[in-house]
Structures are given as C-alpha cells and as structure tokens.
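Structural features, examined
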Amino acid sequence: MPGPAPKLLLVFILAGLSEWYSAGAQRQDHTETSELTAQRLRGQGWWPTRGDGAREDFVGTAACAVCHKQVALTQRGTPMAHAASKASETEVLRSNPTITLSTPPFQTAISTNHVSSNYTVSGGGESISGQLLWSMGAGVKGQTFILNYLGILFESQLSYFPSIGGLDITPEHPRGTPQYLESAFGAPQSDKAAQQCFACHTTASTLRQQFDPDHATPGVTCEACHGPGTRHVKAMRAKQFKTGMDAILDPGYFGPLELVDFCGACHRAPLDVISAKAFTPLNIRFQPYRLSKSRCWSRPDPRITCVACHNPHEPLARDAGFYDAKCLACHSTVATHATIDGPHGPQPGKPFTCPVSTEHCITCHMPKYQDPQFHGSFTDHDIRIVRPGDPYPL
C-alpha cells in the first residue's frame, strides 16, 4: 500500500517543525537588560564560562558535525577554535627547539624536544625551571604560556609575538626589571584566575565547579558557546525535537543587549569593564565594551551586535572592504532619517551615505590603534566619527 506513506511522512515533518517552532518561540523570551558576567552566570541556562556541567554531558564536536557538518568544519578555522593549544601541539614551539631572551640580569630559555617543553629563567647563579603545559592565544597577536612549577600554575612573564619573531613581556605584566627570580619566571595563578583563563580559551576545563585543565578540550568548540550537547544529540536522534531544542542554547534568539553580554563573557561585557574601571588604552581589546560606546548602539539597534559583522562559525574577515555591506545594511539610500543623521545625511553633490567615501568605512569609523605591549594593532569597535587629533576615548 504505497499511497499513504507520503502523507504520513508529511504529517511527521510538520509535527517536528511545529515542535521546533514552538521551542524557538519560547527561547526568544529573554529579559533585555545588560548585566555583569557574574550575574549572568548565576542565572538559569547555559552561559559561556559556566562550569557546572559533567564530563558525560559533553558530546564533542564530532557529534555536532553529524548534523552541522559545514558549520563545524568552518568553525575549526576561526581564531576562537585555536584560542589555546597544548605545548606538544603549539606550532611555534615545535618549529623552534630553543627560544631565548636576555633581560639582564635574567635570561629566559624555552627548550622543546619530542617529550616536553621547559621554561627556564636564570640569573645570579640560580635558576627556576617549569614545564610548559599550554599556550594561550591563537598566535595571531601572540601566545602566553601556562607553566607548572612545584604543582602551581604560572602565567609566563614572557610571551611570544610573531610580529617580532620572539619573546617580550606579557601584556599587563610589570614592564620594569623584576627584582626576584620568581618574578622573572611568571605570575602564580589563583584558582579563580586560572579557572577564568581556561574557561575562555578551552572547553570543559571546569566540571561540577571543579577545575580540571588536564582534560580540557583545546580552543573554543561548539559546546563552549551552545552548552553541553549530550542531551540535545540524544533527543534529536530520537526525533524529540522540542526536547532537543530546549537542551541546547541558540544565542541567535538573544536581543542586542543579551547577545553583546554573551560574547562579553570572554571579550568583556560593558558592565564588566565599567565595574572594574578598566579605563586604559588596553580596553581596545574589549570589543563588546567598545561597541556599547558607539552612537549606533545608543538606541540600541538590534542590527548592531557582534554577530552582525562577525560570523562566529567562520574565520575572521580581515579585508576592510568585506565590512562595507555590513555598514550599508543600515547606512544606505533606503535608510530612514531616523537611522542616518548628522554629517552623513544628504548633502548637495555628495553621496547620501557618507560625504567622504562609499567604501572601506571601517578604516575611518573604526580605526586601528597600535598597542606596543602586543607589538600590533587592534580595531576600535567604538563606531564614531573620528577627527584628526581626537584623543582615544577610554
């Protein structure tokens, strides 16, 4: 009896879609308030850096890729996916058996062989040596090392910067000559500091609120943002669509405030910076805070979020021209005067969108600033009209 089969299949599909839509509608019900990351972590549901899952709750990226093959594939090429690597898998260490720097009266040497990497600081006839366990950072701007010395985790005093092809003081570490050998080695990490560091650079480093870096997954994987996936995968395989959708987080349903706070769990949410009074040039690295200072954000406009310009599942676009379409999505000839005002309003003989140019918008409105501590530059996400001589707005 082949006739009824297509009808039954259609009913099944519609029922599944109905469950999926119903779950999606429920998931859009979020409170639109900006909060500290610490407040978000005390709330219900998944949030980046939360550490209350169990090992068995995490299913791994390979399981995600069964249904989300293309997304999982391209995400592997993002800087977030390479936010951390174990020493044995760090390219700069594998390619350079010895990396040294002399900062009198101390000398630092990183030695790598087929077994391990060791970080040694010598001076005054004495030395300290610790095992290099992890490299933090994708290696685009730099990489800082996590060291084990007498069972204590240290953040290395020196980091590797590809732009200079060598070592220099780790950003935010004291710039002067250390007084003691231990200070020249690095900064010991409290349990809280180490947990926060690994929470943003790795996946599943804290389980049931117990810090377990030895079994962490390097980099930011699917489950770091969407939450542990075991329940989701099991439900979807069983065609329990509503249960499956409720078991995983889709930040796509967030409004602008919540979404910027979401990314800000690691990139610093606006209130995180304000409460810490981190009003220094280094806050250019805190893109969610910088974005929240923008005139575009003041409404806030639901189109102005981190993911409006950056797809977290794809490698970062570094060509300025790529972002023109993002800007023109709001600032165009079809935009309303409520969106386009000031000097970008219509002027005789000038393009409607901008009186200066119609391309490479971000080079003027999101300028790059050099940061000597990183030996490189960062794009300022405070979108604004920048005039010559204007001071950097902290």
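The residue numbers shown here count from 1 along each chain, following its written sequence. In keeping with the predicted nature of the model, local features appear solely for residues at pLDDT of at least 70, side-chain atom pairs appear and are counted solely at 80 or more, and the whole-chain, interface and lining totals rest on all residues. Side-chain metrics rest on all non-hydrogen atoms present in the structure, leaving aside hydrogens and water.

1. Some details on the pattern of salt bridges
- Note on definitions: salt bridges are taken to be side-chain nitrogens of Lys or Arg within 4 Å of carboxyl oxygens of Asp or Glu. Counted according to the given criterion, the structure contains 11 salt bridges.
- Salt-bridge contacts for arginine 40 lead to glutamate 258; the nearest nitrogen and oxygen are separated by 3.9 Å. One end of the pair, arginine 40, is in helix α2 (residues 37–42); the other, glutamate 258, is in helix α11 (residues 256–267), and 218 residues separate them in sequence.
- Buried, partly exposed and exposed residues are distinguished by accessible area as a fraction of the type maximum, computed with a 1.4 Å probe on protein chains only: under 20%, between the cut-offs, and over 50%, respectively. When its relative accessible area of 8% is taken as the criterion, glutamate 258 is described as buried.
- Taking the shortest distance from any N to any O, the salt bridge between aspartate 168 and arginine 175 comes out at 3.9 Å. The way it works is that DSSP assigns letters per residue, a run of H or I at least four long becomes a helix, a run of E at least two long becomes a strand, and they are numbered from the N terminus.

2. Structural notes on the nonpolar core
- Residues belong to one nonpolar core when they are buried, are Ala, Val, Leu, Ile, Met, Phe, Trp, Tyr or Cys, and are joined through side-chain atoms within 4.5 Å. Formed by 20 residues in total, the largest nonpolar core has its most connected members in Leu93, Ile110, Tyr119 and Phe145.
- Contacts are assigned to residue pairs that have any heavy atoms within 4.5 Å of one another. Once residues lying within four places of it in the same chain are set aside, the contact partners of tyrosine 119 are Thr108, Ala109, Ile110, Ile128, Ser129, Gly130, Phe145, Leu147, Ser156, Gln157, Leu158 and Phe185.
- Of all hydrophobic cores here, the second largest spans 10 residues; its members include Trp46, Phe58, Ala204 and Leu259.

3. Comments concerning the state of the cysteines
- Disulfides are defined as pairs of cysteine sulfur atoms found within 2.5 Å of each other. Scanning the model with the defined rule gives 1 disulfide in all.
- In this model cysteine 200 forms its disulfide with cysteine 266; the gap between the sulfur atoms is 2.3 Å. Between cysteine 200 and cysteine 266 the sulfur-sulfur dihedral comes to about -95 degrees; the bridge is accordingly left-handed. Here the residue cysteine 200 occupies a position in helix α7 (residues 191–201), and cysteine 266 occupies one in helix α11, the gap between them amounting to 66 residues.
- Note on cysteine 266: relative accessible area 30%, which makes it partly exposed.

4. Concerning the environment of arginine 290
- Residue position: arginine 290 is located in helix α13 (residues 287–292).
- The spatial distance from the C-alpha of arginine 290 to the C-alpha of aspartate 382 is 4.7 Å, given a sequence separation of 92 residues.
- Setting aside chain neighbours within four positions, we find arginine 290 in contact with Asn283, Ile284, Asp380, His381, Asp382, Tyr392, Pro393 and Leu394.
- A polar contact is formed between the side chain of arginine 290 and the backbone oxygen of proline 393, at a distance of 2.7 Å. Within 3.5 Å is the distance limit for a polar contact, defined as a pair of N or O atoms, with the added protein rule that one can donate a hydrogen and the other accept it, and that residues adjacent in sequence qualify only through two side-chain atoms.

5. Side note on the environment of glycine 51
- With respect to the secondary-structure elements, glycine 51 resides in the loop between α2 and α3 (61–67).
- For glycine 51, a relative accessible area of 5% gives the class buried.
- Separated by 158 residues in the primary sequence, glycine 51 and glutamine 209 place their C-alpha atoms 5.2 Å from one another.
- In this structure glycine 51 touches Thr206, Leu207, Arg208 and Gln209, once residues within four positions along its chain are discounted.

6. Quick notes on unusual backbone geometry
- Cis geometry marks the peptide bond from proline 104 to proline 105, where omega comes out at 10 degrees.
- Note that proline 105 resides in the loop between β2 (98–103) and β3 (106–112).
- Even without glycine at this site, histidine 375 takes up a positive phi of about 55 degrees.
- Relative to the helices and strands, histidine 375 is located in the loop between β14 (368–371) and β15 (376–379).

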